[in-house]
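Notes for the structure review
Chain by chain, the residues:
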Amino acid sequence: QVQVVESGGGLVQAGGSLRLSCAVSGSIISINAMGWYRQAPGKQRELVAGITSGGNTNYADSVKGRFTISRDNAKNTVNLQMNSLKPEDTAVYYCNARVRGSMSVLRDYWGQGTLVTVTS
């Protein structure tokens, strides 16, 4: 079994910063892409930032220049540094990992979500 655990959400004023962390553990052979998604009330879940095992990154246009994704392949962790936060960044943030686990099956795993609230 594979577990994905996020941490680091909270309440922050506009212009502030937060750092989200995610740790993946369990029966892991390898982890391909990792990423952060978010879902605001009444909206669909959207990709915020993604990173491949080789370190290639991609970002939603709305967060480019403000958010930075990074990962530690040795520790199976991925982080999201969020700067210059805006009220529209308020959402539940989910960590996603594409894991090759036991039986060499490749599938997506999700964390439980962490709430980020940005006040104006």
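Residues numbered from 1 in each chain as written. Predicted model: local features only at pLDDT ≥ 70, side-chain atom pairs only at ≥ 80, totals over all residues. Heavy atoms only, no water.

Next up on the list: the nonpolar core. Among the nonpolar cores identified, the biggest contains 29 residues, and Val-24, Trp-36, Leu-80, Met-82 and Tyr-93 are the most heavily contacted of them. Looking at this core element by element, the count peaks at five residues for strand E9 (residues 91–101). (Core = buried A, V, L, I, M, F, W, Y, C linked by side-chain atoms within 4.5 Å. Buried < 20%, exposed > 50% of the residue type's maximum accessible area, 1.4 Å probe, protein only. Helix = DSSP H or I, 4+ residues; strand = E, 2+ residues; numbered from the N terminus.)

Right, let's talk about the packing of aromatic side chains for a bit. Scanning all chains against the criterion turns up one aromatic pair. Relative to Trp-110, the ring of Tyr-37 lies with its centre 4.9 Å away and its plane at 65°, an arrangement referred to as edge-to-face. Here Trp-110 lies in strand E10 (residues 106–110) and Tyr-37 lies in strand E4 (residues 28–39), a separation of 73 residues in the sequence. Judged by its relative accessible area of 24%, Tyr-37 is partly exposed. Look at Trp-110 and you get partly exposed, because its relative accessible area is 37%. A cation over a ring is seen here: Arg-45 above Tyr-94, with NZ or CZ 3.8 Å from the ring centre. Taking the ring centre of Trp-110 as reference, the NZ or CZ of Arg-45 above it sits at 4.7 Å. (Phe/Tyr/Trp six-rings, centres within 6.5 Å; stacked < 30°, edge-to-face > 60°. Lys NZ or Arg CZ within 6 Å of the ring centre and 35° of its normal.)

The next point concerns the state of the cysteines. In a disulfide, the sulfur atoms of two cysteines are covalently bonded to one another. For the coordinates displayed, the defined rule picks out one disulfide. Here Cys-22 connects covalently by a disulfide to Cys-95, the sulfurs 2.1 Å from one another. Disulfide Cys-22-Cys-95: the torsion about the S-S bond is -80°, which places it as left-handed. Taken together, the residues span a long stretch of sequence, with Cys-22 in strand E3 (residues 18–26) and Cys-95 in strand E9 at a distance of 73 residues. On the accessibility criterion, Cys-22 (2% relative accessible area) is buried. (Disulfide = S-S within 2.5 Å.)

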